[in-house]
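Understanding the architecture of this molecule
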Amino acid sequence: MTKKPESQALGPEQRRAAWERFGKDHFDVVVIGGGVVGAGIALDAATRGLQVALVEARDLASGTSSRSSKMFHGGLRYLEQLEFGLVREALRERELALSMLAPHLVKPLRFLYPLTHRVWERPYVASGLVLYDTMGGAKSVPGQHHLSRHGALRLAPGLKRSALIGGVTYYDTVVDDARHTMTVARTAAHYGAVIRTSTQVVGFLREADRVVGVKIRDSEDGRTGEVRAHVVINATGVWTDEVQALSNNRGRFHVRASKGVHIVVPRDRIVSDAAIILRTPTSVLFVIPWGAHWIIGTTDTDWNLDLAHPAATKADIDYLLDRVNQVLVTPLTHDDIDGVYAGLRPLLAGESDETSKLSREHAVARVAPGLVGIAGGKYTTYRVMAYDAMDEAAQDIPARVSPSITEKVPLLGADGYFALVNQTVQLAEAYGVHPYRIKHLLDRYGSLIDEVMAMAAGKPELLQPITDAPSYLQVEVVYAAAAEGALHLDDILARRTRISIEYSHRGSHCAEQVAQLVAPVLGWDEDEIDREVRTYQARVDAEVRSQTQPDDASADALRIAAPEPRPEILEPVRAEG
């Protein structure tokens, strides 16, 4: 199926066209939710030849899918929980992403596992890693390697000598989760899916006992409309129960939110040539290289407050600092932290009272004729979740539905990526930027780099870095608004780029400059620029202040007081039970 190049863009023009199509077209599938699972379902449906629409109340990846531990991994710790099927499935997906589907976005990453017990721990860990190295048919990463204490400390000099008796290295991956999710959505658009953000489902259309579509509301201007389809798929993650309640049908499962908090510190604060995985009494702690930073996380606690803006507390941050400082030669302090983020895992409720032990398997159910729900799972298995959901939804589509083919569909930017990496120097000369900038761009856009750089034609100033966030070129934020579906500063600074967690000012120092850059694309006048900047800075202030609070309730109260960038968003009614 061949589409014009502009069909994969998610810009203002495509947004207007999508609303018009919603009012007149009848779709095979409407997907609710623009996280990685919803975007994956849209891609799966579109590549089966179906007419598909996806609506998202806020922004692509604005919930869980932008707030993970930034790994596309098999879940080593789930081997201990004997979830062999989940691990095998996730490792197979990891291999697909590394080798074909998204090599520009998913990167191999070496981990050090410090050993702390003599005699039994090394063979125990080794046997688990043998499974981990072989279960998913891994070919793109090396296997485990055993180290003495001296060898482990040579790899990670920042660790205390007393913190380990030896070590084992193995490989997993790192990914920019929000960028990956957005790219899945754009790939779906490339194959014909109609994707529209800031479009909230506020009700369901019914004929007798059958769901035949959704009622929608524009989160920007409040206008309402309808989208009709043979089947609706609820892929809203932690909002599953709330959206389910709108349908007046009893759900087949419930979702429980578990809060995970991460902190971001400069790379020079921890001296190590590998990521580090540390055991804690209840789970594991990851120390993951992220550009010029380390990401340290995560926590795992029940959350029953605002689902859109989970707040990190001082207690969460203290917990992470305390855990990581137990093994570091030079302890980290609050002053070392450049960024903090909190996300919610959508866990299937009922298996256990402890969120860290709730299942990461996913569940799919036909809730009513014309309505399918999916929840649970891991980021890594989004593609499997997507085809399971579509297989279930197929019974509500009158025409024959082809099998899933997404294991053979590279994401936008993947084709030609490896060849372009070998041409980094030539590309740098052609565009007049340093080769490290080209590498940065290739690892974000892959073979779409020409499309990004074309936006700077005749505007050489766009090839200059953002003044207070020099990791990014100005052209990148313009492209985010023109082609990647960004509608607000928050979308750009928190998800299309990761400025909100990579700089100690959290994006507030460059908000004005970015707003001025994207204003012509998004049609903002001076009043709208001012509103966007004030709204974003209020968000940053609320987040920073919430992170000084001792408990969830007080942190949540501060965070939700900040204004929403989407002025017409409605909070869904909380489901009972």
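Residues numbered from 1 in each chain as written. Predicted model: local features only at pLDDT ≥ 70, side-chain atom pairs only at ≥ 80, totals over all residues. Heavy atoms only, no water.

A separate point is the domain arrangement of the chain. Taken as a whole, the chain is organised into domain 1 (12-62 + 179-254 + 362-408), domain 2 (66-176 + 256-357) and domain 3 (456-561). Here the C-alpha centre of domain 2 lies 31 Å away from the C-alpha centre of domain 1. With 26 residues of domain 1 in contact, the opposing surface of domain 2 contributes 33 residues. Note that Arg92 and Glu407 form a salt bridge whose closest N and O atoms lie 2.7 Å from each other. For the pair domain 1 and domain 2, the interface holds nine residue pairs in polar contact (both at pLDDT 80 or more). When contributions to the side of domain 1 that touches domain 2 are tallied by element, the ones reaching two or more residues are α6 (177-190), β16 (362-368), β17 (371-376) and α9 (382-393). Considering only residue class, the side of domain 1 that touches domain 2 consists of nine nonpolar, 10 polar and seven charged. (Domains from an automatic or database assignment. Contact = heavy atoms within 4.5 Å. Salt bridge = Lys/Arg side-chain N within 4 Å of Asp/Glu carboxyl O. Polar contact = N/O pair within 3.5 Å; in protein donor to acceptor, adjacent residues only side chain to side chain. Helix = DSSP H or I, 4+ residues; strand = E, 2+ residues; numbered from the N terminus. Nonpolar A, V, L, I, M, F, W, Y, C, P; charged D, E, K, R; others polar.)

Bringing the UniProt feature "domain: Alpha-glycerophosphate oxidase C-terminal" (unreviewed entry) in the chain into the picture now. Those places that UniProt annotates as "domain: Alpha-glycerophosphate oxidase C-terminal" (unreviewed entry) correspond, in this numbering, to residues 404-528. When the span residues 404-528 is considered, its composition is 54% helix and 6% strand, and the gap between its end C-alpha atoms is 43 Å. (UniProt positions renumbered as here; feature names shortened; annotations may be inferred.)

Attention shifts here to the confidence of the model for the chain. In the predicted model, the chain carries a mean pLDDT of 94, and 95% of its residues have values of at least 70. Per-residue pLDDT stays below 50 along residues 1-5; that stretch engages in six contacts with residues further than four places along the chain or on separate chains. Segment residues 351-359: pLDDT under 50, and 24 contacts once partners within four positions in sequence are set aside and those in other chains are kept. (pLDDT = per-residue confidence, 0-100.)

Let us now look at the environment of Leu441. As for its position among the elements, Leu441 is in helix α12 (residues 435-445). You can call Leu441 buried: its relative accessible area is 0%. Residues Leu441 and Ser404 lie 37 residues apart in sequence; the distance between their C-alpha atoms is 31 Å. In this structure Leu441 touches Gly446, Ile449, Met453, Leu473 and Glu476, once residues within four positions along its chain are discounted. (Buried < 20%, exposed > 50% of the residue type's maximum accessible area, 1.4 Å probe, protein only.)

Per the counting criterion, the structure on display carries 44 salt bridges. Residue Asp491 pairs with Arg495 through a salt bridge whose shortest N-O separation is 2.9 Å. Of the two residues, Asp491 and Arg495 both sit in helix α15 (residues 489-496), four residues apart, roughly one turn of that helix. Side by side, Asp491 and Arg495 carry an identical accessibility label, which is buried. Ionic pairing is found between Asp491 and Arg566, a salt bridge with its closest N-O pair at 2.8 Å. Placement of Asp491 in helix α15 and of Arg566 in the segment after α19 (552-560) is noted, with a sequence separation of 75 residues between them. For Asp491, a relative accessible area of 0% corresponds to the buried category. Under the relative-accessibility criterion, Arg566 is labelled buried at 3%. One network of salt bridges, with partners in common, ties together Asp59, Glu220, Asp490, Asp491, Arg495, Arg496, Arg539, Glu543, Arg559 and Arg566.

Scanning the entire structure with this criterion turns up nine aromatic pairs. Each residue in the set Phe111, Tyr132, Tyr170 and Phe286 is aromatic and connected to the rest through ring pairs, giving one cluster. The ring of Trp19 has Arg223 sitting right over it, with the charged end atom 4.5 Å from the ring centre. The ring of Trp294 carries the charged tip of Arg267 above its face, separated from the ring centre by 4.9 Å. (Phe/Tyr/Trp six-rings, centres within 6.5 Å; stacked < 30°, edge-to-face > 60°. Lys NZ or Arg CZ within 6 Å of the ring centre and 35° of its normal.)

A word on the pairing of strand β13 (residues 293-297). Of all five residues making up β13, five are buried, and the element is well covered by its neighbours. Two strands pair when backbone bridges link them, and strand β10 (residues 255-266) and β13 are joined in this way by five bridges, in the antiparallel orientation. Among the inter-strand pairings, Ile263 is bridged to a residue of β13, identified as Ile296. Of the strand pairs in this sheet, strand β12 (residues 284-290) and β13 are connected by five bridges, and their pairing is antiparallel. Paired with Ile288 across the strands is Ile295, a residue of β13. The hairpin turn running from β12 into β13, its antiparallel successor, is two residues long, and Gly291 in that turn takes a positive phi close to 60°. (Pairing = 2+ DSSP bridges.)

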